[in-house]
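What the coordinates show
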Amino acid sequence: MGTYHTVVQGEYVSGIAKKYGFSSYKKIWDHAQNAELKKQRQNPNVIFPGDQLFIPDKSEKKESRNTGQRHQFVLKTEKLKLRLVLEDLYEKPIANAPCELRVENETFRLTTDGQGKIEKDIKAGTRTAVLTIKDPQTPINKILIPIKIGDLDPVDKTPGQKARLNNLGYFAGPFDGKPEEENKALFLSAVEEFQCDHGLAVDGKCGPATQAKLKQVHGC
Amino acid sequence: MNTPHNDLTRLVSDGGTAASHPVLQEQGAFVGPATGSEFNTIKAAIIPLACWRLEDVRFEFDSSIVRPESKTELKNLAKLLDRHPPLSKAEKSQPPELGCPLSVFGHADPTGNDDYNKQLSGRRAKAIYALITRRTELWEELFSQPFGNDKWGRRALEMMLDFVSSSEEETSQKNLTTAENGAQPVKANQELVTKHERDAGKRKALFLGYMEKLCGPELRLRKTDFLGHGDDSGGKADFQGCSEFNPVLIFSQEQQKKFDQDKDKTPRNSANASNRRVMVLIFRKGSRVAPAKWPCPRANEGVAGCIKRFWSDGEKRRKNQDKEREFNKTQDTFACRFYDRLSNNSPCERRITGEHWIIRVDKKQGLKLEDTVTLESKAVSYRSKIAVRNAVDIGEFLDFLFVPGPKGHYTITLMVGGTSYFAWRNLHLPGDGQGVEPSKFDYGPNQDHPNPYVVSSGRDPNAPAVTFNLCS
């Protein structure tokens, strides 16, 4: 039978799966009735408000074991990670730098690897984190970077393009609820600057080629 | 409506402007979690914090010779650098800090061709860079390699000799005379000028003496105080000329036609003066650029690198259109998108509109540069923090200028030396119709103790200051 869930801002399939009592996002994402959506969005972590996600009924799983013995059942949960790559101006990775990552209420001390990458396992449904870099050589040292997990929209949507451009240091406008028109020039200049830096035709239009590059450079 | 407060963020003098950029609200990162190999890249951005502008009047006409009157603007630059210290100052603080690097941009007016203007604007940028770093060898290059009408020669030496040998009073008197009747400044001993013309060593000493007197000991920077750290011998990322690509004023087609037909070019040159400027941008602490990756070509290179960074409609932006256009109003006069993005929020290039809430704090309590005032409303998700170094110093008080947020209850807290103090709770911002009532202030336990901070608030800087007690 199943049901349809309408995606709201900040949701991602793993979080939705947990909400409905599924241990893995795959049960939902790989379901035939989500094939269209899956083809369109590709990444179950970057879905869009308004998307209709089909939630199948939970099926019973039967396992046979001998009575009179102890058996161990391990629930396999899908690992969800927060993975960030930190870079200084002009693609220089912020390598081997100590950072502090506060995920909801817990604080973790991490160090970026040689490529500036850090990753942390997070619980499905996690929404916020705060990152502080402790590398005195970079301008983003000690600055608190609030992180909203799940708020990244697909790259074929303007807010998704804006968010990626912002993350990559091409400030494309604030998310302040004001109409898109107000910061149109700023968004346009950010797209052009990105295109110029990455060898694309500079036309200010975030078309398929630009989107693909944006997704590739940003990481998702 | 008159908004004088905007002027408080800028120091304006006859020959230029010094200002801090409006503080951007904290931007967070929107990311996607990963079930596979996805990742999210967060990259530092190049963000200017402050700007300084030197007008054409401070240079000899069509030349890179810096006039003595620039002393005023250079004093303001020193003040600006107190607020946003470069490495040479910042490393002296306890604990040592990274510095805010500088980069110099020279601009020409649209008269003449792109290449000529690229060189001239580059020479002006070089002259300013050399001045504040005392790199006399760069002035020697400008002197011994004239370009077009930019010939240093005897007149530069005369001007410098005159200034170096005169007293403060004499100089200002002379300047007054010059301004009044357009006469040439009093000529120094011609033999002395010739000596300096022939002897490079003497010249170097003169340049240095002139630079010292112009800047004062306070304003003396090092190569490493600039964005490129002096790593590139051509000054890439430290100073550059933008040719005529970024005018602040573009004539209408009609005006341009009239000017072109007029044999006397004085009115045109005068109307164009605001375009011939030198801008210094001061960037976020710790910013550093590998010169090879900096998009701007060197000051002595051609325009190809500039054109790569034009807006897709850059040529259209450069053309005279049916109306006169000012960057201040239309923001579409710059052809170089890279420079446009850097300077868009610069109070030196345009009047930043938008009213501010002024939170005024008494200086007597010895607030340090890193102490902060925070205006916050959790209910409407507004939070803005401004450090003393970004406040406007108006003598007895420090004015913190906040961009007003939506209607709601606001709190003001001060962080002084690591301790947080509430200044106000349940504050309503202007336009709310609720005003600021003394009865709504939060008073601390020691009401008979003398109040340590005097704070006033509102849009009118002349509003009476309100006294209150801080409670932690």
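Definitions and cut-offs
- Residues numbered from 1 in each chain as written.
- Chains lettered and ligands numbered in written order.
- Predicted model: local features only at pLDDT ≥ 70, side-chain atom pairs only at ≥ 80, totals over all residues.
- Heavy atoms only, no water.
- Helix = DSSP H or I, 4+ residues; strand = E, 2+ residues; numbered from the N terminus.
- Buried < 20%, exposed > 50% of the residue type's maximum accessible area, 1.4 Å probe, protein only.
- Contact = heavy atoms within 4.5 Å.
- Areas by Shrake-Rupley, 256 points an atom, 1.4 Å probe, with all protein chains shown as cover.
- Core = buried A, V, L, I, M, F, W, Y, C linked by side-chain atoms within 4.5 Å.
- Phe/Tyr/Trp six-rings, centres within 6.5 Å; stacked < 30°, edge-to-face > 60°.
- Buried area = accessible area lost by both parts, 1.4 Å probe.
- Salt bridge = Lys/Arg side-chain N within 4 Å of Asp/Glu carboxyl O.
- Polar contact = N/O pair within 3.5 Å; in protein donor to acceptor, adjacent residues only side chain to side chain.
- Arc of directions from axis to C-beta.
- Domains from an automatic or database assignment.
- Pairing = 2+ DSSP bridges.
- Axes fitted to C-alpha atoms, helices over the stretch in contact; angles between N-to-C directions.

Moving on to the overall build of chain B. Along the backbone of chain B there are 15 helices and 19 strands. Scored against the burial criterion, the 472 residues of chain B give a buried share of 53%. At a minimum sequence separation of 6, the contacts of chain B that also span at least 24 residues come to 73%. When the accessible surface of chain B is split by element, carbon and sulfur atoms take 51% of a total near 21,300 Å².

Judged by nonpolar contacts, the single largest core of 48 residues is most densely connected at B:Leu131, B:Ile132 and B:Trp139. Taken together, the elements giving at least two residues each to this core come down to β5 (48–54), α2 (71–83), β6 (102–106), α4 (114–133), α5 (136–144), α6 (153–165), α9 (200–215) and β9 (278–283) of chain B. Counting residues per element, this core draws most heavily on α4(B), which supplies seven residues. The contact partners of B:Trp139, leaving out residues within four places of it in the chain, are B:Val66, B:Ala127, B:Ala130, B:Leu131, B:Trp152, B:Met160, B:Phe207, B:Tyr210 and B:Met211. Of all hydrophobic cores here, the second largest spans 46 residues; its members include A:Cys99, B:Ile42, B:Leu227 and B:Cys336.

Residue and element names in this part refer to chain B. Scanning all chains against the criterion turns up 18 aromatic pairs over all chains. Relative to Tyr210, the ring of Trp139 lies with its centre 6.1 Å away and its plane at 50°, an arrangement referred to as tilted. With Trp139 in helix α5 and Tyr210 in helix α9, this residue pair connects regions lying 71 residues apart in the sequence. As far as burial versus exposure is concerned, Trp139 and Tyr210 are alike and both buried. Taking the centre distance of 4.9 Å and the plane angle of 80° together, the rings of Phe245 and Phe310 count as edge-to-face. Linking Phe245 in the loop between β7 (239–241) and β8 (249–250) with Phe310 in the loop between α12 (304–308) and α13 (314–318), this pair joins segments that are 65 residues apart in sequence.

Next up on the list: the environment of A:Tyr90. Within the element layout of this structure, A:Tyr90 appears in the loop between β3 (80–87) and β4 (98–103). Taking the relative accessible area as the measure of exposure, A:Tyr90 reaches 16% and is therefore buried. Not counting residues up to four positions away in its chain, the partners in contact with A:Tyr90 are B:Ile46, B:Val289, B:Lys293, B:Trp294, B:Pro295 and B:Phe338.

On to the interface of chain A and chain B, then. Contacts between the two partners involve 61 residues from chain A, matched on the other side by 39 residues from chain B. Summing both sides of the interface, chain A and chain B together bury roughly 4,600 Å²; the carbon and sulfur share of this comes to 55%. In terms of surface lost to chain B, no three residues of chain A exceed A:Arg83, A:Leu89 and A:Tyr90, which account for 17% of the buried area on that side. Applying the counting rule to chain A against chain B returns five salt bridges. Among the salt bridges present, the one from B:Arg309 reaches A:Glu193, with a minimum N-O distance of 2.7 Å. Looking at the side of chain A that touches chain B, the elements with two or more residues in it are β3, β8 (144–149), α4 (158–167), α5 (184–197) and α6 (208–218) of chain A. No other element matches the nine residues that α5(A) contributes to the side of chain A that touches chain B.

The next point concerns the environment of A:Asp151. Residue and element names in this part refer to chain A. Residue placement: Asp151 occurs in the loop between β8 and α4. Asp151 sits in the buried class, given a relative accessible area of 7%. A sequence separation of 141 residues divides Asp151 from Gly10, and the C-alpha atoms of the two residues are 4.4 Å apart. Here the side chain of Asp151 touches Arg127 through a polar contact of 2.7 Å, side chain to side chain.

All of the buried residues along α6(A) are A:Thr210, A:Gln211, A:Leu214 and A:His218. Down the axis of α6(A), the smallest arc covering the buried residues is 100°, so these residues share one side. Along α6(A), the residues that are exposed and aim more than 90 degrees away from the buried face are A:Pro208, A:Ala209 and A:Gln216. Among the structural elements, α4 and α5 of chain A together with β4 (40–43) of chain B are those in contact with the buried residues of α6(A). Backbone geometry just after α6(A) places A:Gly219 at a positive phi near 115°.

This next bit is on the domain arrangement of chain A. All names here are of chain A. Partitioning chain A into domains gives domain 1 (3–55), domain 2 (79–151) and domain 3 (152–220). Taking the mean C-alpha position of each, domain 1 and domain 2 sit 26 Å from one another. With eight residues of domain 1 in contact, the opposing surface of domain 2 contributes nine residues. Between domain 1 and domain 2, roughly 650 Å² of surface is buried when both sides are summed, and carbon and sulfur atoms account for 51% of that area. When the buried area of domain 1 at its contact with domain 2 is split by residue, Gly10, Tyr12 and Lys18 rank highest and sum to 62% of it. Viewed at the interface, domain 2 and domain 1 are joined by four residue pairs in polar contact (both at pLDDT 80 or more).

On to the sheet that holds strand β3 (residues 29–31) of chain B. Reading across the sheet, the five strands line up as β5(A)-β4(A)-β7(A)-β8(A)-β3(B) and stay open at both edges, with mixed pairing between neighbours. Of all strands in the sheet, those bounded by a partner on one side alone are β5 (106–111) of chain A together with β3 of chain B. Strand-to-strand twist in this sheet, taken as the mean axis angle between neighbours without regard to direction, amounts to 25°. Of the strand pairs in this sheet, strand β7 (residues 128–133) of chain A and β8(A) are connected by five bridges, and their pairing is antiparallel. Within the sheet, the bridge partner assigned to A:Val130 lies in β8(A) and is A:Pro146.

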